[in-house]
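# Architecture at a glance
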Amino acid sequence: MKQLIQATIAILVVSALLMYAADAMSAGGGKSGKDTLTIFNWGEYIDPDLLKQFEKETGIHVIYETFDSNEAMMTKIQQGGTAYDIAVPSEYMIEKMKEEDLLIPLDKTKIPNIKNIDPYFLDLPFDDNNKYSVPYFWGTVGIVYNPSLVGDLDFSSWEDLWDSSLKRKVFLVDGAREVIGMGLNSLGYSLNSLEDSELRQATDKLITLAPNVKAIIGDEITPLMINNEAAVALTWSGQAADMMYENEELDFAVPEEGSNLWFDNMVIPKTSKNIDGAHAFINFMLDADSSAANADYVGYSTPNTAAMDLMDEEVVTDERYYPSEEQRDTLEVYKNLGPDYLGKYNELFLEFKMSIR
């Protein structure tokens, strides 16, 4: 009996120690949340030196993770396994995250540098009054091409992609919204169309483009175009800038019929355990010096007018990357299509991909 009592006491002592350790670990986790900032962003979408500078100025340790699609980003935040403090979704995904109640409203008093943002990029339909988001980068979808390989084509019109001289010379980015949107725009339709007849016409027209398509690919499109593996590519303006930096023969155009005007914004997910640190990071990134350095490193267009004053004038006056307001009027922002039509766009994109031999 004595041995049984001793064993019972030992078990109780060990249990108490385990509970104490668990509490200590939990408390430590809460403390680390204040000393750590976990950022979820697209790959190669920030100047690493800025992360080091933020850590040095604030004493907050930064954990940086990347995603390759808006959908993958949202799924991981929904799962809640990681306490992300900052995420950088695109405009249509911000709408969706608002609907799913995944975002924390911003405290603008903690983001005074929002004054540096061009008002044109504020209070847009996907986030009225910027309740949940602030602009990070913006750009367009267009065509990068090598003039020496395409003759007289200048891609002022989407129709140029269908020219018979381009057989097996065209790369397309692997994105349903971009490719189906291109087909819709080429017919004069909205790239947010919910009309089945318009979507059918766009897909049928894209299928006639199949003989010109060399491949539908992802990030590898950049080195392939740099090495002139194709004459033409549908891509984003910032990606085109990277290509043109490495291969000065390349040029970029946004067709006159219209295209996509996209925005990536910083948000604070409800998973955040360091809301004050998240606001501090957003304000840091909106500083003129930070934004200028980031735009120079990444190559995408900044919405920060104070930063543009510090940047190379040749860059910020280049209408291929900083189109005028008149040009922007021909462009559309992606809207959240809802699950049914998002699925339809994906199905039609797959049908088009299967037509390529």
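About the cut-offs
Residues numbered from 1 in each chain as written. Predicted model: local features only at pLDDT ≥ 70, side-chain atom pairs only at ≥ 80, totals over all residues. Heavy atoms only, no water. Helix = DSSP H or I, 4+ residues; strand = E, 2+ residues; numbered from the N terminus. Buried < 20%, exposed > 50% of the residue type's maximum accessible area, 1.4 Å probe, protein only. Contact = heavy atoms within 4.5 Å. Areas by Shrake-Rupley, 256 points an atom, 1.4 Å probe, with all protein chains shown as cover. Lys, Arg positive; Asp, Glu negative; His and termini not counted. Charge placed at Lys NZ, Arg CZ, Asp CG, Glu CD. Expected span 1.5 Å × (residues − 1). Arc of directions from axis to C-beta. Axes fitted to C-alpha atoms, helices over the stretch in contact; angles between N-to-C directions. Parallel < 35°, antiparallel > 145°, perpendicular 65-115°, else oblique. Nonpolar A, V, L, I, M, F, W, Y, C, P; charged D, E, K, R; others polar. Phe/Tyr/Trp six-rings, centres within 6.5 Å; stacked < 30°, edge-to-face > 60°.

### Looking at the overall build of the protein
- Each helix and strand counted, the protein has 14 helices and 10 strands in total.
- Burial status across the protein gives 50% buried among its 357 residues.
- Restricting to contacts in the protein with at least 6 residues of sequence separation, those with at least 24 account for 75%.
- For the protein, the accessible surface area stands at approximately 17100 Å², while carbon and sulfur atoms represent 52% of it.
- Where the 27 positive side-chain charges of the protein centre and where its 60 negative ones centre are 9 Å apart.

### Concerning helix α6 (residues 196–209)
- Here α6 contains 14 residues, and its C-alpha end-to-end distance of 20 Å stays within 8% of the 20 Å for a straight helix at 1.5 Å per residue.
- The set of residues buried in α6 consists of Glu198, Leu199, Ala202, Thr203, Lys205, Leu206 and Leu209. The arc that holds the buried residues of α6, viewed along the axis, is 165°, so those residues lie on one side.
- Where α6 is buried, its residues touch α5 (176–186), β6 (213–217) and α14 (338–354).

### Looking at helix α9 (residues 275–286)
- With 12 residues, α9 extends 17 Å from end C-alpha to end C-alpha; this agrees with the ideal 16 Å at 1.5 Å per step.
- Those residues of α9 hidden inside the fold are in contact with β1 (36–42), α2 (48–58), β3 (86–87), β4 (133–145), β9 (259–267) and α10 (288–298).

### Focus on unusual backbone geometry
- With phi around 55°, Asp101 is a residue other than glycine that occupies positive phi space.
- Among the secondary structure elements, Asp101 is positioned in the loop between α4 (91–99) and β4.
- A relative accessible area of 49% places Asp101 in the partly exposed class.
- In this model, Asn130 sits at a positive phi of 50°, which is unusual for a non-glycine residue.
- In this fold, Asn130 is placed in the loop between α4 and β4.
- On the accessibility criterion, Asn130 (5% relative accessible area) is buried.

### Points about the packing of α5 against α6
- One can describe the packing of α5 onto α6 by two numbers: an axis separation of 8 Å at closest approach and a directional angle of 100°. One way to sum up the angle between α5 and α6 is to call them roughly perpendicular. Where α5 abuts α6, its residues Val179, Ile180, Met182, Gly183, Leu184 and Ser186 lie against Glu198, Leu199, Ala202, Thr203, Lys205, Leu206 and Leu209.
- Looking at side-chain class alone, the contact of α5 with α6 contains 8 nonpolar, 3 polar and 2 charged residues.

### Points about the packing of aromatic side chains
- One pass over the structure, following the stated rule, counts 19 aromatic pairs.
- Taken together, a centroid distance of 4.9 Å and an interplanar angle of 35° make the contact between Phe121 and Trp138 tilted. With Phe121 in the loop between α4 and β4 and Trp138 in strand β4, this residue pair connects regions lying 17 residues apart in the sequence. Comparing Phe121 with Trp138, the two get one shared label, buried.
- A connected cluster of aromatic rings, assembled from ring pairs, spans Tyr120, Phe121, Phe126, Trp138, Phe263 and Tyr322.

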